[in-house]
Amino acid sequence: MAVADRRTVTPAPTPADALAAPAAPAGPVALGIGLAVLATVVWSGSFVASRALGDSVPPVQHAFWRWVVALAVVAPFGARRAWRQRALVRRHLGFVLLASLLGVAVYNTLVNQAGVTTPAANMGMIMAASPVLMAVYERAGGVRLGARRAAGLLVACAGVLLLAGGGAGVSAGDLWMIAAACCFGSYSALLRRRPAGLDGVGFLFTTFLLGTLMLLPAQGVSLAAQGGFSPEPGTVLALLYVGVASSAVAFFAWNKAISLIGPSRAGVVYYLQPVCVALLSWALLAEPTGWAQAGCMALILGGVVLGAGGVASVTGAGRG
């Protein structure tokens, strides 16, 4: 490609900076919003699946088989593209390896570990603070956050600390989930530096492949120490869900939504995730939602919305 050697970067459409991005070309708004909702609901279901499999599938094995399934699903679309850009991947191998480690090998393993001991609703609420955590990396990179965004960061972090420290019950899983949120924030910050020449689907296939290979040693240790799991129908269906729906379908739906309605509108839909997770965990796992949990949710979401509003204000002022 002519742009393969350029060092320009394209910002990833992450929820933290969605409202600051320029609008994409107009398209069928209803379809775009529907696809964004579909991706958000599917991703919310992955937290419920992690919680449901927590007692039957060891976290590392859950992550390994998820990415094996995802790799098989994405291969028909991305393998050839990945092969065509192999020289570019070698040139940026350090970047690709770090993205594979954070986004594939580590992040979902931490989520699965959290699902062993913490309710799915807590997992979704803690992840709702990840857009605000991404602001820390932006500030470290020299980006001025502004008063509203900084205030949103503090409010959301307060909600996370209350949730993990006693607002809804102390759980080691909450701490694992905070680590997962930090990992996701690091991964998202890394994606902002993705070289423009890396094809999206080919890059996805490459990270799936490398991340799965990285999990192989941990998979072997888990099998030796914990044994395998029984492939019951419910277990297999849950693994197929996280491998096919959460790792492939949601990705394509989200990117199509971005092309139709732009990152600003699609990014706002992401904030529905904690509500979706709470409803799904209540309906499928019979997990209760108490007042303390609702209060922590209000703090986290309030901080995220406040921080997003700060981004919008700064952007609007800049456009003058």
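**Focus on the overall build of the chain**
Then, in step 1: A tally of regular secondary structure across the chain gives twelve helices and zero strands.
Then, in step 2: Counting helices and strands in the order they occur from the N terminus, the chain gives α-α-α-α-α-α-α-α-α-α-α-α.
Then, in step 3: Burial status across the chain gives 50% buried among its 320 residues.
Then, in step 4: Sequence separation of at least 24 residues holds for 91% of the intrachain contacts in the chain that already meet a minimum separation of 6.

**Things to note about helix α5 (residues 120–128)**
Then, in step 1: Most of α5 is tucked away: nine of the nine residues are buried.
Then, in step 2: Those residues of α5 that fall on the buried side of the exposure criterion are A120, A121, N122, M123, G124, M125, I126, M127 and A128.

**Side note on the packing of aromatic side chains**
Then, in step 1: For the coordinates displayed, the defined rule picks out four aromatic pairs.
Then, in step 2: Here Y107 and F184 contribute two aromatic rings whose centre-to-centre distance is 5.5 Å and whose plane-to-plane angle is 40 degrees, an arrangement assigned as tilted. Placement of Y107 in helix α4 (residues 93–114) and of F184 in helix α8 (residues 172–191) is noted, with a sequence separation of 77 residues between them.
Then, in step 3: One residue, R66, lies across the ring of W67, its end atom 4.9 Å from the ring centre.
Then, in step 4: Just above the ring of W83 sits the side chain of R86; from NZ or CZ to the centre is 4.1 Å.

**Looking at the environment of R84**
Then, in step 1: Mapped onto the elements of the fold, R84 is located in helix α2 (residues 59–84).
Then, in step 2: Residue classification places R84 among the exposed positions, given a relative accessible area of 60%.
Then, in step 3: In sequence terms R84 and G202 are 118 residues apart; their C-alpha atoms lie 8.6 Å from each other.

**Quick notes on a nonpolar patch on the surface**
Then, in step 1: A contiguous nonpolar patch, built from V29, I33, V37, V41 and L272 and spanning about 330 Å² of accessible area, is present on the exposed surface.
Then, in step 2: By secondary structure assignment, the location of V29 is in helix α1 (residues 29–52).

**Quick look at the nonpolar core**
Then, in step 1: The biggest cluster of nonpolar side chains holds 27 residues, and the ones touching the most others in it are F47, Y107, V111, M127, M177, L198 and F203.
Then, in step 2: Of all the secondary-structure elements, those providing two or more residues to this core are α1, α3 (86–91), α4, α5 and α8.
Then, in step 3: With near-sequence residues (within four places) excluded, M177 lies in contact with F47, V111, A114, M123, I126 and M127.
Then, in step 4: Within the second largest apolar cluster, 14 residues are counted, among which are L71, V74, V104 and L215.

**Concerning the side chain of T235**
Then, in step 1: For T235, the location among the structural elements is in helix α10 (residues 233–269).
Then, in step 2: Overall, T235 belongs to the buried group, its relative accessible area being 8%.
Then, in step 3: Apart from the residues within four sequence positions on either side, T235 is in contact with L53, S56, V57, F229 and S230.

**Considerations on the confidence of the model for the chain**
Then, in step 1: For the chain, the average pLDDT comes to 76, and 73% of its residues sit at 70 or higher.
Then, in step 2: The spread of mean pLDDT over the elements of the chain runs between helix α12 (residues 291–319), the lowest at 60, and α2, the highest at 93.
Then, in step 3: In this model, residues 1–27 is a region of pLDDT below 50 whose contacts with residues beyond four sequence positions or in other chains number 58 contacts.
Then, in step 4: Here residues 311–320 scores under 50 on pLDDT; set against residues more than four positions off or in separate chains, the count is ten contacts.

**Looking at the packing of α4 against helix α9 (residues 200–226)**
Then, in step 1: Orientation of α4 relative to α9, taken along the N-to-C sense of each, is 65 degrees, at an axis distance of 8 Å. As α4 packs across α9, the resulting crossing turns out to be right-handed. For the pair α4 and α9, contact is made by F95, V96, L97, A99, S100, L101, V104, A105 and T109 and by F203, T206, T207, F208, L210, G211, T212, M214 and L215, respectively.

**Concerning the environment of F205**
Then, in step 1: By the secondary structure assignment, F205 is in helix α9.
Then, in step 2: Judged by its relative accessible area of 13%, F205 is buried.
Then, in step 3: Sequence spacing of F205 and A79 is 126 residues, and the spatial spacing of their C-alpha atoms is 6.3 Å.

Each value, and the rule that gives it
- Residues numbered from 1 in each chain as written.
- Predicted model: local features only at pLDDT ≥ 70, side-chain atom pairs only at ≥ 80, totals over all residues.
- Heavy atoms only, no water.
- Helix = DSSP H or I, 4+ residues; strand = E, 2+ residues; numbered from the N terminus.
- Buried < 20%, exposed > 50% of the residue type's maximum accessible area, 1.4 Å probe, protein only.
- Contact = heavy atoms within 4.5 Å.
- Phe/Tyr/Trp six-rings, centres within 6.5 Å; stacked < 30°, edge-to-face > 60°.
- Lys NZ or Arg CZ within 6 Å of the ring centre and 35° of its normal.
- Patch = residues over 30% accessible without salt bridge, like charges linked within 9 Å, V, L, I, M, F, W, Y side chains within 5 Å.
- Areas by Shrake-Rupley, 256 points an atom, 1.4 Å probe, with all protein chains shown as cover.
- Salt bridge = Lys/Arg side-chain N within 4 Å of Asp/Glu carboxyl O.
- Core = buried A, V, L, I, M, F, W, Y, C linked by side-chain atoms within 4.5 Å.
- pLDDT = per-residue confidence, 0-100.
- Axes fitted to C-alpha atoms, helices over the stretch in contact; angles between N-to-C directions.
- Left-handed = near helix turned anticlockwise from the far one by under 90°.

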